[in-house]
Amino acid sequence: MPFGAGTRLCAGESMANLTMAFALATVLPRFELRPVPGSRPVREVCKGIMGASALPMTVHPIPAVKA
Ligand code: HEM
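Residues numbered from 1 in each chain as written. Predicted model: local features only at pLDDT ≥ 70, side-chain atom pairs only at ≥ 80, totals over all residues. Heavy atoms only, no water.

1. Some points on the coordination of the iron atom of the ligand
Okay, so step 1: Of all protein atoms, just one serves as a donor to the iron atom of the ligand, and that atom is Cys10 (SG), at 2.2 Å.
Okay, so step 2: In this structure, Cys10 sits in the segment before α1 (13–27). (Donors = N, O, S within 2.8 Å, 3.2 Å for Na, K, Ca; no water. Helix = DSSP H or I, 4+ residues; strand = E, 2+ residues; numbered from the N terminus.)

Set out below in structure tokens:
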């Protein structure tokens, strides 16, 4: 529950989600994520809530396309 809940619910949740979506949409097309060779496939993991096991990735810039 990253934004809290109930009477303490974050007043900026919508703004934060919108800002994060814009930031990701701006940054992600410029990079490619590749799994580290030999890493295990992602599995479901239960630690109180369902989650995913780690997947180590490396980040590679995508060369800009010249207009
Ligand atoms: C990723 C970004 C954000 C996260 C993870 C976050 C998380 C939280 C959490 C967990 C609380 C509850 C704190 C508590 O229980 O005492 C909270 C409260 C609050 N947040 Fe955020 N927040 C974020 C962004 C923002 C933004 C962008 C704004 C305003 C523009 C904002 C305004 C507030 C306010 C005013 C409260 C108090 C709400 C109340 O008690 O009535 N937050 N936030």
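What follows continues from the structure just given.
2. So, a nonpolar patch on the surface
Okay, so step 1: Taken together, the side chains of Val27, Phe31, Leu33, Val42, Leu55, Met57 and Val59 present a nonpolar region at the surface, about 580 Å² in accessible area.
Okay, so step 2: Elements that contribute at least two residues to the nonpolar patch include exactly β1 (31–35) and β4 (57–61).
Okay, so step 3: Take Val59: it is sitting in strand β4. (Patch = residues over 30% accessible without salt bridge, like charges linked within 9 Å, V, L, I, M, F, W, Y side chains within 5 Å. Areas by Shrake-Rupley, 256 points an atom, 1.4 Å probe, with all protein chains shown as cover. Salt bridge = Lys/Arg side-chain N within 4 Å of Asp/Glu carboxyl O.)

3. A look at the site of the ligand
Okay, so step 1: The ligand sits among Pro2, Phe3, Gly4, Arg8, Leu9, Cys10, Ala11, Gly12, Met15 and Ala16.
Okay, so step 2: One of the side-chain nitrogen or oxygen atoms of Arg8 is found 2.7 Å away from an oxygen atom of the ligand.
Okay, so step 3: Counted by class, the shell around the ligand contains 7 nonpolar, 2 polar and 1 charged residues. (Near = heavy atom within 4 Å. Polar contact = N/O pair within 3.5 Å; in protein donor to acceptor, adjacent residues only side chain to side chain. Nonpolar A, V, L, I, M, F, W, Y, C, P; charged D, E, K, R; others polar.)

4. Examining the confidence of the model for the chain
Okay, so step 1: Averaged over the chain, the pLDDT score is 93; the fraction of residues at 70 or greater is 100%.
Okay, so step 2: Taken element by element, the chain is modelled with least confidence in strand β3 (residues 49–52), mean pLDDT 87, and with most confidence in α1, mean pLDDT 96. (pLDDT = per-residue confidence, 0-100.)

5. Quick notes on the pattern of salt bridges
Okay, so step 1: According to the stated counting rule, one finds 1 salt bridge in the structure shown.
Okay, so step 2: Here Glu32 ties to Arg34 by a salt bridge, and the two come within 2.8 Å at their closest N and O atoms.
Okay, so step 3: The exposure class assigned to Glu32 is partly exposed, which follows from its relative accessible area of 35%. (Buried < 20%, exposed > 50% of the residue type's maximum accessible area, 1.4 Å probe, protein only.)

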